[in-house]
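If you want the building blocks of each chain, they are given just below.
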Amino acid sequence: MKKNRREIPYPARLNLARTPTPLEPLSRLSEELGVEVHLKRDDLTGAELTGNKVRKLEFLLAHALAKGSDTILTCGAAQSNHARATAIAAAKMGLNVRLLLRTRNPAKPPPLEGNILLDRLVGAEIIWLTFEEYGRRTEMLELEAESLRGSGKTPYIIPEGGSNALGAWGYIRAAEELAKDLEDLPGNNHKSTTIIHATGSGGTTAGLVLGVKLVGLDARVVGINVCNDRNYFMEVVYQICNTAIADYQLEIPFFRQEDIHIIDGYVGDGYGKASSQVLSLLVQIARTEGIILDPVYTGKAFYGMIQELRRNPRAFGDRILFMHTGGIFGLLPMVAQLESFL
Ligand SMILES: Cc1ncc(COP(=O)(O)O)c(C=O)c1O
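Figured I'd write up the structure that's included with this text. Just so it is clear, the model here is predicted, and its values are computed rather than measured.

1. As for the sheet that holds strand β4 (residues 96-102)
What the four strands build is an open sheet, ordered β5-β4-β3-β6; its pairing is parallel. Edge positions in the sheet fall to β5 (125-129) and β6 (155-157), since each of these pairs with one other strand and no more. Neighbour to neighbour, the strand axes of the sheet diverge by 25 degrees on average, direction disregarded.

2. A closer look at the packing of aromatic side chains
Scanning the entire structure with this criterion turns up nine aromatic pairs. For the ring pair Y238 and F255, a centre distance of 5.9 Å and an interplane angle of 20 degrees mean the geometry is stacked. With Y238 in helix α9 (residues 230-247) and F255 in the loop between α9 and β9 (261-263), this residue pair connects regions lying 17 residues apart in the sequence. According to the relative accessible area criterion, Y238 is partly exposed, its value standing at 24%. On the basis of relative accessible area, F255 is assigned to the buried category, the value being 10%. With a centroid separation of 5.9 Å and an interplanar angle of 70 degrees, the aromatic rings of Y271 and Y297 are classed as edge-to-face. Taken together, the residues span a long stretch of sequence, with Y271 in the loop between β9 and α10 (276-289) and Y297 in the loop between α10 and α11 (298-311) at a distance of 26 residues. Among the residues examined, Y297 registers a relative accessible area of 21% and is labelled partly exposed. In textbook terms, an aromatic cluster arises when at least three aromatic residues are bridged by ring pairs, as seen for Y10, F59, W169 and Y248. Across from the ring centre of Y171, 5.6 Å away, lies the NZ or CZ of R55, which sits over that ring. Directly above the aromatic system of F131 lies the positively charged group of R104, at a separation of 4.3 Å from the ring centroid.

3. As for the nonpolar core
I195, F302 and M305 are the most contacted members of the largest nonpolar core, which has 102 residues in total. Core analysis: the next-biggest nonpolar cluster, separate from the first, contains nine residues, L100, Y134, A145 and L148 among them.

4. Points about the site of the ligand
Taken together, 16 residues form the shell around the ligand, and within it K56, G200, S201, T204 and T325 come nearest. Here an oxygen atom of the ligand sits 2.5 Å away from a polar atom, N or O, in the side chain of S201. In this structure, T325 approaches the ligand through a side-chain N or O atom, which is 2.6 Å from a nitrogen atom. Taking 380 Å² as the accessible area of the ligand by itself, protein coverage stands at 98%. Split by residue class, the shell around the ligand holds two nonpolar, twelve polar and two charged.

5. Some thoughts on α9
Here α9 is 18 residues long and its end C-alpha atoms lie 25 Å apart, about the 26 Å a rise of 1.5 Å per residue gives. Turning to α9, its buried residues are F233, M234, V236, V237, I240, C241, A244 and I245. Against the buried residues of α9 lie α7 (165-184), β7 (193-199), α8 (203-215), β8 (219-225) and β9. The backbone nitrogen of N231 has a side-chain oxygen 3.4 Å away, supplied by the residue at the start of α9, namely D229.

6. Regarding the sheet that holds β7
Across the sheet, six strands lie side by side as β1-β2-β10-β7-β8-β9; this open sheet has mixed pairing. Only two strands of the sheet have a single partner each, and these edge strands are β1 (23-25) and β9. Here the strands of the sheet are splayed against their neighbours by 30 degrees on average, with no regard to which way each runs. Two strands pair when backbone bridges link them, and strand β2 (residues 36-41) and strand β10 (residues 319-324) are joined in this way by six bridges, in the parallel orientation. Bridging from a neighbouring strand, L39 pairs with F322 of β10. This element, α8, spans β7, β8, β9 and β10 of the sheet and lies at about 160 degrees to β7.

7. Digging into the environment of L309
Residue position: L309 is located in helix α11. Considered as a pair, L309 and G76 are 233 residues apart in the sequence and their alpha carbons are 32 Å apart. Sequence-distant contacts of L309, that is, excluding residues within four places in its chain, are made with L33, V35, F316 and I320.

8. Here's the deal with α10
Along an α-helix, residues three or four positions apart point the same way, because every turn accommodates 3.6 residues. With 14 residues, α10 should cover 20 Å at 1.5 Å per step; its first-to-last C-alpha distance of 19 Å lies within 8% of that length. Burial in α10 covers these residues: V278, L279, L281, L282, V283, I285 and E289. Tucked inside the fold, the buried residues of α10 contact α1 (27-33), α11, α12 (328-331) and α13 (335-338). Residue G290 follows α10 closely and has a positive phi angle near 70 degrees.

9. Quick look at the packing of α7 against α8
Running from amino to carboxyl end, α7 crosses α8 at an angle of 50 degrees, the nearest separation of the two axes being 7 Å. It follows from the interaxial angle that α7 and α8 lie oblique. At the point where α7 passes α8, the crossing takes the right-handed sense. Counting all contacts with α7, which are made through A168, Y171, I172, A175, E176, L178 and A179, the residues of α8 involved are G203, T204, A206, G207, L208, L210, G211, V212, L214 and V215. Residue classes in the contact of α7 with α8 are distributed as twelve nonpolar, four polar and one charged.

Parameters at a glance
Residues numbered from 1 in each chain as written. Predicted model: local features only at pLDDT ≥ 70, side-chain atom pairs only at ≥ 80, totals over all residues. Heavy atoms only, no water. Pairing = 2+ DSSP bridges. Helix = DSSP H or I, 4+ residues; strand = E, 2+ residues; numbered from the N terminus. Axes fitted to C-alpha atoms, helices over the stretch in contact; angles between N-to-C directions. Phe/Tyr/Trp six-rings, centres within 6.5 Å; stacked < 30°, edge-to-face > 60°. Buried < 20%, exposed > 50% of the residue type's maximum accessible area, 1.4 Å probe, protein only. Lys NZ or Arg CZ within 6 Å of the ring centre and 35° of its normal. Core = buried A, V, L, I, M, F, W, Y, C linked by side-chain atoms within 4.5 Å. Near = heavy atom within 4 Å. Polar contact = N/O pair within 3.5 Å; in protein donor to acceptor, adjacent residues only side chain to side chain. Areas by Shrake-Rupley, 256 points an atom, 1.4 Å probe, with all protein chains shown as cover. Nonpolar A, V, L, I, M, F, W, Y, C, P; charged D, E, K, R; others polar. Expected span 1.5 Å × (residues − 1). Contact = heavy atoms within 4.5 Å. Parallel < 35°, antiparallel > 145°, perpendicular 65-115°, else oblique. Left-handed = near helix turned anticlockwise from the far one by under 90°.

Right under this line is the structure:
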């Protein structure tokens with residue numbers, strides 16, 4: 001690991017996340033698997049503002065405020081953690097929020113629970129889209145922005161998951177934190193390290209991939225996709241990285257698509273649908289480690305990590321840093337799915 005880190009040219013940032021988040025060993029699991037597993041507790045970026053999205057929003061909302069915006073527009077699944085984090089962070093900044101969320105039948109929207117309850121509690125306006133409309137989300141966001149401008153507002157669009165070049169800064173900063181975390185670990189030298197996380201819209205992966213390069217951190221970044229497929233995310237992440245490199249003139253020579261690692265095979269029946277294996281692992285980790293994963297992102301990625309390790313215990317080297325990216329409020333409406341495992 002390089003000790004003399006270069007100055008990183010961070011854009012303007014709000015202070016929304018409780019950082020640095022702790023890095024905690026999962027000692028019982030590490031013993032069982034025969035590989036060191038540590039958890040980066042990004043679920044502790046806050047209580048209500050929990051999870052990875054808060055790190056991205058620090059940069060995105062700073063930009064929105066600098067542009068004089070008064071209304072934030074974003075989109076996501078019905079139980080989107082990103083939408084909830086945006087709604088709460090924006091409320092803190094005195095901004096209005098309009099969320100475009102997808103559901104099977106907008107005439108019968110989902111109940112007021114989990115993230116949706118919090119969205120509404122902080123005053124976010126929700127517009128329900130069909131899946132077909134959501135497929136055209138960029139256009140739908142633009143249309144909403146147009147209509148807001150027509151009524152004298154100044155909207156700011158944040159893309160799905162806060163995943164663009166600016167949002168990626170959140171995880172460039174997290175990589176810098178991880179470098180310090182690793183320096184503080186005992187017996188640090190010469191251990192090959194892999195940073196594993198759930199990939200849902202690509203921004204976290206892009207930020208980490210860029211971050212380890214900028215910081216000079218000797219670690220492999222591996223995303224486990226929880227929706228779409230590997231090819232899709234190889235493209236999305238590559239695009240975000242290249243845009244960030246160009247827009248912020250990042251000193252990353254020869255960035256290649258091969259620098260991005262996505263493991264596919266754990267989406268199961270689709271986004272938001274957790275298998276009984278994932279749910280039972282989630283319960284096991286809760287009971288043996290006191291850690292609450294979520295069924296949509298962290299639980300699926302964690303399950304994927306364990307399956308890969310069962311196949312090859314050395315798959316991720318000597319040491320794993322698993323990013324706990326939050327998601328607890330999305331777990332709460334899943335009583336029916338979880339009950340039989342308790
Ligand atoms: C809890 C949680 N973990 C991981 C992710 C994936 O992060 P990203 O969208 O940056 O790929 C998300 C959002 O999509 C999330 O809500």
